[in-house]
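Below, each chain spelled out in residue letters.
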Amino acid sequence: MSRPEHIAPPEIFYDEVESKKYSSNSRIIEIQTKMSERAYELLAIPEGREGLLLLDIGCGSGISGDVITDAGHHWIGCDISPSMLDVAIDREVEGDVMVRDIGQGFPFRPGTFDGAISISAIQWLCNAEKSHHNPRKRLLVFFQSLYQVLARGAKAILQFYPENSAQIEMITSSALRCGFTGGLLVDFPNSTKAKKYFLVLFTGNNGLYSMPKAMGVNDDEMVEEDERQEQVKIVNRNREKGRKKDRVGVKSREWIMQKKDRQRKQGKEVRPDTKFTGRSRGPKFVGKCAGFLLLRRIIKLHLKLKLKVEFIKCVYYGAK
Amino acid sequence: MKILTYNMMSCSKKQCVGKGHPLKLDCTESQTLTQDFQLEFIKNMIPRLDWDGIRAVAPMFNINLGDNIEGQLENEEFLKNLFKLVVNTKIIKGKLTCPSCNREYFIENGIPNMLLREDEIYQDIKE
Ligand SMILES: C[S@@+](CC[C@H](N)C(=O)[O-])C[C@H]1O[C@@H](n2cnc3c(N)ncnc32)[C@H](O)[C@@H]1O
Ligand SMILES: [Zn+2]
(Lines give C-alpha, C1' and ligand atoms only; values in the text may rest on other atoms or scores of the structure.)
(Ligands and ions follow the chains in the order given, each with its own letter.)
Protein backbone atom coordinates (compact mmCIF):
# COMPACT_ATOMS: atom_id res chain seq x y z
CA MET A 1 0.00 0.00 0.00
CA SER A 2 1.37 3.42 -0.78
CA ARG A 3 1.78 6.07 1.89
CA PRO A 4 1.40 9.82 1.44
CA GLU A 5 5.12 10.13 2.15
CA HIS A 6 5.82 8.04 -0.95
CA ILE A 7 3.59 10.03 -3.25
CA ALA A 8 5.12 13.51 -3.10
CA PRO A 9 6.90 15.95 -0.76
CA PRO A 10 4.53 17.28 1.96
CA GLU A 11 4.16 20.78 0.53
CA ILE A 12 3.19 19.26 -2.83
CA PHE A 13 1.03 16.46 -1.43
CA TYR A 14 -0.91 18.85 0.81
CA ASP A 15 -1.79 21.25 -1.99
CA GLU A 16 -4.88 23.43 -2.01
CA VAL A 17 -7.27 20.68 -3.06
CA GLU A 18 -5.90 18.06 -0.69
CA SER A 19 -5.70 20.51 2.24
CA LYS A 20 -9.36 21.43 1.88
CA LYS A 21 -10.40 17.81 1.52
CA TYR A 22 -8.32 16.77 4.51
CA SER A 23 -9.74 19.50 6.70
CA SER A 24 -13.38 18.98 5.81
CA ASN A 25 -13.51 15.20 6.11
CA SER A 26 -15.36 14.39 9.30
CA ARG A 27 -13.64 11.04 9.77
CA ILE A 28 -10.20 12.61 9.48
CA ILE A 29 -11.23 15.36 11.88
CA GLU A 30 -12.45 12.80 14.39
CA ILE A 31 -9.35 10.62 14.19
CA GLN A 32 -6.93 13.56 14.38
CA THR A 33 -8.88 15.07 17.26
CA LYS A 34 -8.79 11.82 19.23
CA MET A 35 -5.06 11.42 18.75
CA SER A 36 -4.52 15.06 19.73
CA GLU A 37 -6.57 14.58 22.87
CA ARG A 38 -4.48 11.54 23.75
CA ALA A 39 -1.27 13.50 23.11
CA TYR A 40 -2.53 16.31 25.30
CA GLU A 41 -3.36 13.80 28.02
CA LEU A 42 0.16 12.38 27.81
CA LEU A 43 1.61 15.86 28.38
CA ALA A 44 0.17 15.37 31.89
CA ILE A 45 -0.53 19.03 32.50
CA PRO A 46 -2.09 19.28 35.97
CA GLU A 47 -5.84 19.58 35.78
CA GLY A 48 -7.04 23.14 36.03
CA ARG A 49 -3.74 24.53 34.76
CA GLU A 50 -4.41 26.93 31.90
CA GLY A 51 -2.58 29.65 30.04
CA LEU A 52 0.44 27.72 28.82
CA LEU A 53 2.17 28.21 25.48
CA LEU A 54 2.50 25.02 23.42
CA LEU A 55 4.13 24.21 20.09
CA ASP A 56 2.21 22.22 17.45
CA ILE A 57 4.68 20.56 15.09
CA GLY A 58 3.24 19.99 11.61
CA CYS A 59 0.08 21.78 12.70
CA GLY A 60 -1.61 21.62 9.29
CA SER A 61 -5.06 23.18 9.28
CA GLY A 62 -5.16 23.35 13.07
CA ILE A 63 -7.26 20.31 13.97
CA SER A 64 -4.68 19.32 16.59
CA GLY A 65 -4.34 22.94 17.71
CA ASP A 66 -8.07 23.16 18.41
CA VAL A 67 -7.61 20.58 21.15
CA ILE A 68 -4.97 22.83 22.77
CA THR A 69 -7.29 25.83 22.51
CA ASP A 70 -10.12 23.86 24.08
CA ALA A 71 -7.86 23.00 27.01
CA GLY A 72 -7.35 26.71 27.68
CA HIS A 73 -3.85 27.16 26.28
CA HIS A 74 -2.20 29.11 23.51
CA TRP A 75 -0.24 27.55 20.67
CA ILE A 76 2.07 28.32 17.79
CA GLY A 77 2.18 25.90 14.87
CA CYS A 78 4.75 25.23 12.16
CA ASP A 79 3.98 23.53 8.87
CA ILE A 80 5.67 23.29 5.52
CA SER A 81 2.45 23.36 3.49
CA PRO A 82 1.19 26.89 2.79
CA SER A 83 -2.16 25.47 1.62
CA MET A 84 -2.74 23.70 4.93
CA LEU A 85 -1.96 26.95 6.78
CA ASP A 86 -4.33 28.91 4.53
CA VAL A 87 -7.08 26.55 5.62
CA ALA A 88 -6.07 27.15 9.26
CA ILE A 89 -6.43 30.90 8.69
CA ASP A 90 -9.81 30.40 6.97
CA ARG A 91 -10.96 28.28 9.90
CA GLU A 92 -9.95 31.16 12.19
CA VAL A 93 -7.97 28.98 14.56
CA GLU A 94 -6.92 30.75 17.73
CA GLY A 95 -3.31 29.67 17.51
CA ASP A 96 -0.67 31.27 15.34
CA VAL A 97 0.85 29.52 12.34
CA MET A 98 3.99 29.89 10.22
CA VAL A 99 5.52 28.23 7.19
CA ARG A 100 8.56 26.28 8.28
CA ASP A 101 10.24 23.00 7.42
CA ILE A 102 10.68 21.30 10.79
CA GLY A 103 13.74 19.56 9.37
CA GLN A 104 15.35 23.01 9.56
CA GLY A 105 14.64 23.31 13.29
CA PHE A 106 12.53 26.07 14.83
CA PRO A 107 12.93 29.86 14.57
CA PHE A 108 12.28 30.59 18.25
CA ARG A 109 14.32 31.78 21.20
CA PRO A 110 15.41 29.12 23.74
CA GLY A 111 12.87 28.11 26.39
CA THR A 112 9.85 29.51 24.56
CA PHE A 113 7.38 26.63 25.02
CA ASP A 114 5.81 24.85 27.99
CA GLY A 115 5.36 21.74 25.87
CA ALA A 116 4.94 20.42 22.34
CA ILE A 117 2.69 18.04 20.46
CA SER A 118 2.90 16.67 16.95
CA ILE A 119 0.18 14.62 15.26
CA SER A 120 0.91 12.52 12.17
CA ALA A 121 3.79 14.62 10.91
CA ILE A 122 7.31 13.55 11.89
CA GLN A 123 7.39 10.37 9.79
CA TRP A 124 7.81 12.75 6.86
CA LEU A 125 11.29 13.56 8.13
CA CYS A 126 12.44 10.02 7.34
CA ASN A 127 12.17 10.71 3.62
CA ALA A 128 14.70 12.62 1.55
CA GLU A 129 12.56 15.03 -0.45
CA LYS A 130 15.37 16.98 -2.00
CA SER A 131 18.75 15.92 -3.28
CA HIS A 132 20.44 17.76 -0.43
CA HIS A 133 18.23 16.13 2.21
CA ASN A 134 19.78 13.72 4.64
CA PRO A 135 17.06 12.27 6.90
CA ARG A 136 19.42 11.55 9.80
CA LYS A 137 20.78 15.06 9.77
CA ARG A 138 17.33 16.56 9.48
CA LEU A 139 16.10 14.51 12.43
CA LEU A 140 19.04 15.68 14.52
CA VAL A 141 18.48 19.32 13.58
CA PHE A 142 14.81 18.87 14.42
CA PHE A 143 15.31 17.28 17.85
CA GLN A 144 18.20 19.52 18.82
CA SER A 145 16.18 22.60 18.04
CA LEU A 146 13.06 21.19 19.72
CA TYR A 147 15.07 20.58 22.88
CA GLN A 148 16.27 24.18 22.78
CA VAL A 149 12.91 25.87 22.30
CA LEU A 150 11.27 23.89 25.12
CA ALA A 151 11.44 25.21 28.67
CA ARG A 152 13.35 22.93 31.06
CA GLY A 153 10.97 20.35 32.45
CA ALA A 154 8.68 20.58 29.42
CA LYS A 155 7.53 17.50 27.55
CA ALA A 156 6.95 16.71 23.88
CA ILE A 157 4.44 14.10 22.71
CA LEU A 158 4.89 13.14 19.08
CA GLN A 159 2.40 10.76 17.43
CA PHE A 160 3.67 9.36 14.16
CA TYR A 161 3.16 6.62 11.57
CA PRO A 162 6.41 4.69 11.25
CA GLU A 163 6.86 2.72 8.09
CA ASN A 164 9.03 0.03 9.69
CA SER A 165 11.14 -0.67 12.76
CA ALA A 166 14.18 1.03 11.22
CA GLN A 167 12.29 4.32 11.18
CA ILE A 168 11.28 3.90 14.81
CA GLU A 169 14.90 3.27 15.67
CA MET A 170 16.12 6.23 13.67
CA ILE A 171 13.59 8.60 15.22
CA THR A 172 13.97 7.50 18.85
CA SER A 173 17.75 7.33 18.77
CA SER A 174 17.95 10.83 17.25
CA ALA A 175 15.75 12.19 20.03
CA LEU A 176 17.84 10.58 22.75
CA ARG A 177 21.05 11.85 21.22
CA CYS A 178 19.79 15.39 21.52
CA GLY A 179 19.35 15.24 25.29
CA PHE A 180 15.78 14.03 25.63
CA THR A 181 14.82 11.18 27.93
CA GLY A 182 11.65 9.14 27.52
CA GLY A 183 10.67 6.53 24.99
CA LEU A 184 8.09 5.04 22.74
CA LEU A 185 4.57 4.37 23.90
CA VAL A 186 2.27 2.15 21.85
CA ASP A 187 -1.45 2.27 22.49
CA PHE A 188 -3.39 -0.90 21.61
CA PRO A 189 -0.28 -2.76 20.41
CA ASN A 190 -2.29 -5.84 19.48
CA SER A 191 -4.82 -4.08 17.33
CA THR A 192 -4.04 -3.25 13.73
CA LYS A 193 -6.73 -0.60 13.69
CA ALA A 194 -6.31 1.19 16.97
CA LYS A 195 -2.52 0.83 17.33
CA LYS A 196 -0.86 4.21 17.72
CA TYR A 197 2.76 5.25 18.27
CA PHE A 198 3.64 8.13 20.57
CA LEU A 199 7.15 9.30 21.23
CA VAL A 200 7.11 10.61 24.80
CA LEU A 201 9.99 13.00 25.44
CA PHE A 202 11.13 14.78 28.59
CA THR A 203 13.60 17.64 28.85
CA GLY A 204 14.32 16.92 32.51
CA ASN A 205 17.98 16.08 32.98
CA ASN A 206 18.03 14.04 36.17
CA GLY A 207 16.02 11.01 35.17
CA LEU A 208 13.16 11.99 37.45
CA TYR A 209 10.37 11.06 35.13
CA SER A 210 8.15 8.08 34.65
CA MET A 211 6.73 6.84 31.40
CA PRO A 212 2.95 7.01 31.23
CA LYS A 213 1.06 3.78 30.66
CA ALA A 214 -0.02 2.67 27.22
CA MET A 215 -3.67 1.93 26.62
CA GLY A 216 -5.06 -1.43 25.61
CA VAL A 217 -2.12 -3.52 26.79
CA ASN A 218 -3.66 -5.41 29.73
CA ASP A 219 -6.88 -7.38 29.78
CA ASP A 220 -8.79 -4.99 32.00
CA GLU A 221 -8.10 -2.26 29.51
CA MET A 222 -9.47 -4.29 26.67
CA VAL A 223 -12.86 -2.80 27.39
CA GLU A 224 -11.47 0.50 26.37
CA GLU A 225 -10.01 -0.97 23.27
CA ASP A 226 -13.32 -2.52 22.38
CA GLU A 227 -14.85 0.87 22.82
CA ARG A 228 -12.28 2.37 20.53
CA GLN A 229 -12.77 -0.31 17.94
CA GLU A 230 -16.46 0.21 18.32
CA GLN A 231 -15.98 3.85 17.53
CA VAL A 232 -13.98 2.99 14.47
CA LYS A 233 -16.71 0.60 13.46
CA ILE A 234 -19.37 3.21 13.99
CA VAL A 235 -17.45 5.52 11.78
CA ASN A 236 -17.19 2.88 9.12
CA ARG A 237 -20.84 2.08 9.38
CA ASN A 238 -21.84 5.65 8.77
CA ARG A 239 -22.27 4.73 5.16
CA GLU A 240 -25.05 2.26 5.91
CA LYS A 241 -27.45 4.91 7.03
CA GLY A 242 -30.18 4.31 9.57
CA ARG A 243 -28.65 1.40 11.43
CA LYS A 244 -26.56 3.47 13.74
CA LYS A 245 -27.68 3.93 17.33
CA ASP A 246 -28.33 7.51 18.36
CA ARG A 247 -25.09 8.86 19.65
CA VAL A 248 -24.36 12.46 20.36
CA GLY A 249 -21.58 13.53 18.02
CA VAL A 250 -18.36 14.41 19.72
CA LYS A 251 -17.83 18.18 19.64
CA SER A 252 -21.46 18.79 18.73
CA ARG A 253 -23.16 21.50 20.73
CA GLU A 254 -25.12 18.86 22.61
CA TRP A 255 -21.99 16.92 23.48
CA ILE A 256 -20.25 20.02 24.74
CA MET A 257 -23.27 21.03 26.82
CA GLN A 258 -23.37 17.57 28.38
CA LYS A 259 -19.68 17.70 29.12
CA LYS A 260 -19.98 21.14 30.67
CA ASP A 261 -22.88 19.95 32.80
CA ARG A 262 -20.78 17.07 34.06
CA GLN A 263 -17.94 19.43 34.86
CA ARG A 264 -20.23 21.88 36.64
CA LYS A 265 -21.53 19.04 38.78
CA GLN A 266 -17.94 18.25 39.70
CA GLY A 267 -17.63 21.85 40.85
CA LYS A 268 -15.26 22.82 38.03
CA GLU A 269 -15.13 26.22 36.52
CA VAL A 270 -16.74 26.06 33.09
CA ARG A 271 -16.89 28.70 30.40
CA PRO A 272 -20.42 30.09 30.13
CA ASP A 273 -22.62 28.80 27.31
CA THR A 274 -22.99 31.22 24.47
CA LYS A 275 -24.44 31.07 21.02
CA PHE A 276 -20.92 30.17 19.90
CA THR A 277 -20.72 27.09 22.12
CA GLY A 278 -20.15 24.11 19.90
CA ARG A 279 -20.24 26.23 16.76
CA SER A 280 -18.58 24.56 13.90
CA ARG A 281 -14.96 25.57 13.46
CA GLY A 282 -15.09 24.50 9.91
CA PRO A 283 -15.27 22.69 7.63
CA LYS A 284 -16.06 25.55 5.39
CA PHE A 285 -15.24 23.72 2.23
CA VAL A 286 -16.67 20.72 0.59
CA GLY A 287 -14.22 19.15 -1.78
CA LYS A 288 -15.48 18.10 -5.16
CA CYS A 289 -15.66 14.46 -6.08
CA ALA A 290 -12.64 14.59 -8.32
CA GLY A 291 -9.89 12.49 -6.85
CA PHE A 292 -12.33 10.77 -4.54
CA LEU A 293 -10.52 7.49 -4.98
CA LEU A 294 -7.26 9.04 -3.87
CA LEU A 295 -9.03 10.42 -0.83
CA ARG A 296 -10.36 6.95 -0.03
CA ARG A 297 -6.86 5.61 -0.25
CA ILE A 298 -5.57 8.22 2.14
CA ILE A 299 -8.30 7.52 4.66
CA LYS A 300 -7.46 3.87 4.44
CA LEU A 301 -3.86 4.75 5.13
CA HIS A 302 -4.81 6.67 8.21
CA LEU A 303 -7.27 4.09 9.44
CA LYS A 304 -5.98 0.73 8.46
CA LEU A 305 -2.31 1.16 7.87
CA LYS A 306 -0.86 -2.26 8.53
CA LEU A 307 2.46 -1.68 10.14
CA LYS A 308 5.14 -4.20 9.64
CA VAL A 309 6.38 -3.62 13.14
CA GLU A 310 4.78 -6.12 15.44
CA PHE A 311 6.95 -6.55 18.47
CA ILE A 312 7.74 -3.22 19.97
CA LYS A 313 5.41 -2.72 22.84
CA CYS A 314 6.83 -0.19 25.16
CA VAL A 315 10.50 0.58 25.05
CA TYR A 316 11.99 2.44 27.95
CA TYR A 317 15.02 4.54 27.25
CA GLY A 318 17.24 6.88 29.09
CA ALA A 319 17.07 5.48 32.60
CA LYS A 320 20.78 4.88 32.61
CA MET B 1 0.91 36.49 13.33
CA LYS B 2 0.45 37.77 16.84
CA ILE B 3 2.98 40.04 18.50
CA LEU B 4 3.56 37.26 21.04
CA THR B 5 4.82 34.95 18.32
CA TYR B 6 6.88 37.74 16.83
CA ASN B 7 8.42 38.34 20.25
CA MET B 8 9.40 34.69 20.68
CA MET B 9 10.96 34.42 17.23
CA SER B 10 14.56 34.53 16.24
CA CYS B 11 16.46 34.17 12.99
CA SER B 12 17.70 30.59 12.99
CA LYS B 13 20.57 30.87 10.55
CA LYS B 14 23.73 29.41 12.02
CA GLN B 15 25.63 32.67 12.23
CA CYS B 16 22.70 34.35 14.03
CA VAL B 17 22.44 32.00 17.01
CA GLY B 18 22.02 34.16 20.11
CA LYS B 19 21.76 37.43 18.19
CA GLY B 20 18.91 36.84 15.74
CA HIS B 21 16.37 38.78 17.83
CA PRO B 22 14.45 40.93 18.28
CA LEU B 23 13.63 40.87 14.60
CA LYS B 24 12.84 44.24 13.07
CA LEU B 25 9.15 44.45 12.28
CA ASP B 26 7.63 46.32 9.34
CA CYS B 27 3.87 46.11 9.41
CA THR B 28 1.73 47.28 6.51
CA GLU B 29 -1.53 45.68 7.65
CA SER B 30 -2.67 44.63 11.12
CA GLN B 31 -5.83 43.53 12.84
CA THR B 32 -7.14 43.75 16.40
CA LEU B 33 -8.43 40.52 17.89
CA THR B 34 -10.87 40.17 20.77
CA GLN B 35 -9.66 37.34 22.97
CA ASP B 36 -10.62 37.72 26.62
CA PHE B 37 -7.93 38.85 29.03
CA GLN B 38 -6.27 35.84 30.63
CA LEU B 39 -4.19 36.81 33.64
CA GLU B 40 -2.67 33.36 34.05
CA PHE B 41 -1.31 33.38 30.52
CA ILE B 42 0.19 36.83 30.62
CA LYS B 43 1.87 36.10 33.98
CA ASN B 44 3.25 32.90 32.53
CA MET B 45 4.66 34.77 29.51
CA ILE B 46 6.20 37.75 31.31
CA PRO B 47 9.49 36.07 32.31
CA ARG B 48 9.97 34.94 28.69
CA LEU B 49 9.20 38.17 26.88
CA ASP B 50 11.97 40.06 25.22
CA TRP B 51 11.36 43.58 26.51
CA ASP B 52 13.48 45.21 23.83
CA GLY B 53 11.16 43.65 21.28
CA ILE B 54 8.07 44.77 23.22
CA ARG B 55 9.35 48.34 23.53
CA ALA B 56 10.20 48.43 19.84
CA VAL B 57 6.68 47.58 18.63
CA ALA B 58 4.26 48.92 21.28
CA PRO B 59 4.25 52.47 19.83
CA MET B 60 3.52 51.10 16.33
CA PHE B 61 0.14 49.95 17.62
CA ASN B 62 -0.44 52.96 19.88
CA ILE B 63 -0.19 50.94 23.04
CA ASN B 64 1.37 52.82 25.92
CA LEU B 65 3.17 50.58 28.39
CA GLY B 66 4.97 53.38 30.25
CA ASP B 67 8.71 53.72 30.58
CA ASN B 68 9.41 51.58 33.58
CA ILE B 69 8.17 48.13 32.64
CA GLU B 70 9.82 46.22 35.47
CA GLY B 71 8.02 48.17 38.17
CA GLN B 72 4.58 47.44 36.78
CA LEU B 73 4.33 43.69 36.63
CA GLU B 74 1.55 43.62 39.23
CA ASN B 75 -0.34 46.58 37.77
CA GLU B 76 -3.53 45.29 36.21
CA GLU B 77 -3.93 48.08 33.70
CA PHE B 78 -0.41 47.48 32.48
CA LEU B 79 -1.05 43.75 32.20
CA LYS B 80 -4.21 44.37 30.20
CA ASN B 81 -2.39 46.67 27.81
CA LEU B 82 0.36 44.11 27.48
CA PHE B 83 -2.20 41.39 26.73
CA LYS B 84 -3.79 43.62 24.12
CA LEU B 85 -0.42 44.07 22.48
CA VAL B 86 0.87 40.51 22.53
CA VAL B 87 -2.33 38.48 22.11
CA ASN B 88 -4.86 40.77 20.46
CA THR B 89 -2.63 42.45 17.91
CA LYS B 90 -2.13 40.48 14.74
CA ILE B 91 0.09 41.32 11.81
CA ILE B 92 -1.56 40.45 8.52
CA LYS B 93 1.01 41.76 6.11
CA GLY B 94 4.55 42.89 6.64
CA LYS B 95 8.17 41.92 6.92
CA LEU B 96 10.62 40.70 9.55
CA THR B 97 14.32 41.52 9.26
CA CYS B 98 17.07 39.77 11.16
CA PRO B 99 19.17 42.30 13.15
CA SER B 100 22.25 40.16 12.60
CA CYS B 101 22.26 39.00 8.96
CA ASN B 102 19.52 41.23 7.49
CA ARG B 103 17.64 38.26 6.09
CA GLU B 104 14.07 39.29 5.34
CA TYR B 105 11.07 37.10 6.12
CA PHE B 106 7.74 38.09 4.61
CA ILE B 107 4.32 37.92 6.23
CA GLU B 108 1.30 37.40 3.97
CA ASN B 109 -2.28 36.59 4.95
CA GLY B 110 -1.16 36.62 8.57
CA ILE B 111 1.41 33.86 7.97
CA PRO B 112 5.15 34.49 8.19
CA ASN B 113 7.25 32.46 5.77
CA MET B 114 10.22 31.20 7.76
CA LEU B 115 11.46 28.64 5.22
CA LEU B 116 15.19 28.79 4.72
CA ARG B 117 16.97 28.20 1.44
CA GLU B 118 19.28 25.26 1.06
CA ASP B 119 22.42 27.36 1.52
CA GLU B 120 21.03 28.91 4.73
CA ILE B 121 20.39 25.67 6.56
CA TYR B 122 22.22 24.78 9.71
CA GLN B 123 24.14 21.87 8.18
CA ASP B 124 27.25 21.36 10.26
CA ILE B 125 25.68 18.91 12.69
CA LYS B 126 27.90 16.00 13.54
CA GLU B 127 26.38 12.68 12.58
C1 LIG C 1 -1.49 14.36 8.48
S2 LIG C 1 -1.17 16.11 8.53
C3 LIG C 1 -1.56 16.46 10.24
C4 LIG C 1 -1.94 17.88 10.49
C5 LIG C 1 -2.41 18.21 11.90
N6 LIG C 1 -1.37 17.95 12.90
C7 LIG C 1 -3.65 17.40 12.22
O8 LIG C 1 -3.62 16.60 13.16
O9 LIG C 1 -4.64 17.57 11.55
C10 LIG C 1 0.60 16.15 8.48
C11 LIG C 1 1.16 17.56 8.37
O12 LIG C 1 2.59 17.50 8.49
C13 LIG C 1 3.13 18.51 7.68
N14 LIG C 1 4.56 18.24 7.40
C15 LIG C 1 5.10 17.20 6.77
N16 LIG C 1 6.45 17.35 6.67
C17 LIG C 1 6.75 18.52 7.26
C18 LIG C 1 7.97 19.24 7.47
N19 LIG C 1 9.13 18.77 7.04
N20 LIG C 1 7.91 20.43 8.10
C21 LIG C 1 6.73 20.93 8.55
N22 LIG C 1 5.54 20.29 8.38
C23 LIG C 1 5.55 19.11 7.74
C24 LIG C 1 2.26 18.43 6.43
O25 LIG C 1 2.37 19.60 5.65
C26 LIG C 1 0.88 18.21 7.02
O27 LIG C 1 0.19 19.41 7.21
ZN1 LIG D 1 19.88 36.12 10.73
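As recorded by an unreviewed UniProt entry, chain B carries the name Trm112p-like protein and is attributed to Tieghemostelium lacteum. According to the UniProt record, the Sequence similarities (unreviewed entry) comment for chain B is "Belongs to the TRM112 family."

Under an unreviewed UniProt entry, the name given to chain A is Methyltransferase type 11 domain-containing protein, and the organism recorded is Tieghemostelium lacteum. Per UniProt, the comment on chain A under Sequence similarities (unreviewed entry) is "Belongs to the class I-like SAM-binding methyltransferase superfamily. BUD23/WBSCR22 family."

Visitor: Explain the overall build of chain B to me, please; I cannot follow it from the model alone.
Guide: Check the secondary structure of chain B and you find four helices and four strands. Listed by position from the N terminus, the elements making up chain B come as α-β-α-α-α-β-β-β. Taken over the C-alpha atoms alone, chain B extends approximately 50 × 30 × 25 Å along its principal axes. Of the contacts formed within chain B by residues at least 6 apart in sequence, a portion of 68% connects residues at least 24 apart. Accessible surface computed for chain B: about 6,400 Å², of which carbon and sulfur atoms make up 46%. Between the averaged position of the 16 positive side-chain charges in chain B and that of its 18 negative side-chain charges there is a distance of 2 Å.

Visitor: Hey, could you run me through the site of ligand 1 in this one?
Guide: Residue and element names in this part refer to chain A. Looking at ligand 1, there are 22 residues lining it, with Gln-32, Gly-58, Asp-79, Asp-101 and Ile-102 nearest. Contact distances for ligand 1 include 2.6 Å between an oxygen atom and a side-chain N or O atom of Asp-79. Ile-102 places a polar main-chain atom, nitrogen or oxygen, 2.9 Å from a nitrogen atom of ligand 1. Burial of ligand 1 by the surrounding chains reaches 99%, relative to a free accessible area of 590 Å².

Visitor: Honestly, the UniProt feature "domain: Methyltransferase type" (unreviewed entry) in chain A in this entry has me stumped. Any pointers?
Guide: UniProt tags residues 55-156 of chain A as "domain: Methyltransferase type" (unreviewed entry). Helix makes up 31% of residues 55-156 of chain A and strand 26%. Its end C-alpha atoms lie 9 Å apart.

Visitor: Got a minute to help me understand unusual backbone geometry in this structure?
Guide: Glycine aside, the phi torsion of most residues is negative, and most peptide linkages are trans. Going from B:His21 to B:Pro22, the amide bond is cis rather than trans, its omega being -5°. Relative to the elements of secondary structure, B:Pro22 occurs in the loop between helix H1 (3-8) and strand E1 (24-32). Positive phi, normally seen in glycine, also occurs at A:Glu92, with a value near 55°. Among the secondary structure elements, A:Glu92 is positioned in the loop between helix H6 (82-90) and strand E3 (96-99). A positive phi is found at B:Asn102, a non-glycine position, where the angle reads about 65°.

Visitor: For this particular structure, what's the right way to read the coordination of the zinc ion (ligand 2)?
Guide: Metal coordination angles have textbook ideals: 109.5 degrees for a tetrahedral set of four donors and 90 or 180 degrees for an octahedral set of six. All names here are of chain B. Around the zinc ion (ligand 2), the protein contributes the donor atoms Cys-11 (SG), Cys-16 (SG), Cys-98 (SG) and Cys-101 (SG), at 2.2 to 2.3 Å from the metal centre. Around the zinc ion (ligand 2) sit four donor atoms; with metal-centred angles ranging over 103 to 117°, the donor geometry is tetrahedral. Summarised as a motif, the one-chain spacing of the donors to the zinc ion (ligand 2) is C-x4-C-x81-C-x2-C. Looking at Cys-101, the relative accessible area reads 21%, which means it is partly exposed.

What counts, and where the lines are drawn
- Residues numbered from 1 in each chain as written.
- Chains lettered and ligands numbered in written order.
- Predicted model: local features only at pLDDT ≥ 70, side-chain atom pairs only at ≥ 80, totals over all residues.
- Heavy atoms only, no water.
- UniProt positions renumbered as here; feature names shortened; annotations may be inferred.
- Helix = DSSP H or I, 4+ residues; strand = E, 2+ residues; numbered from the N terminus.
- Contact = heavy atoms within 4.5 Å.
- Areas by Shrake-Rupley, 256 points an atom, 1.4 Å probe, with all protein chains shown as cover.
- Lys, Arg positive; Asp, Glu negative; His and termini not counted.
- Charge placed at Lys NZ, Arg CZ, Asp CG, Glu CD.
- Near = heavy atom within 4 Å.
- Polar contact = N/O pair within 3.5 Å; in protein donor to acceptor, adjacent residues only side chain to side chain.
- Donors = N, O, S within 2.8 Å, 3.2 Å for Na, K, Ca; no water.
- Tetrahedral: all angles 85-135°; square planar, octahedral: opposite > 155°, others 65-115°.
- Buried < 20%, exposed > 50% of the residue type's maximum accessible area, 1.4 Å probe, protein only.

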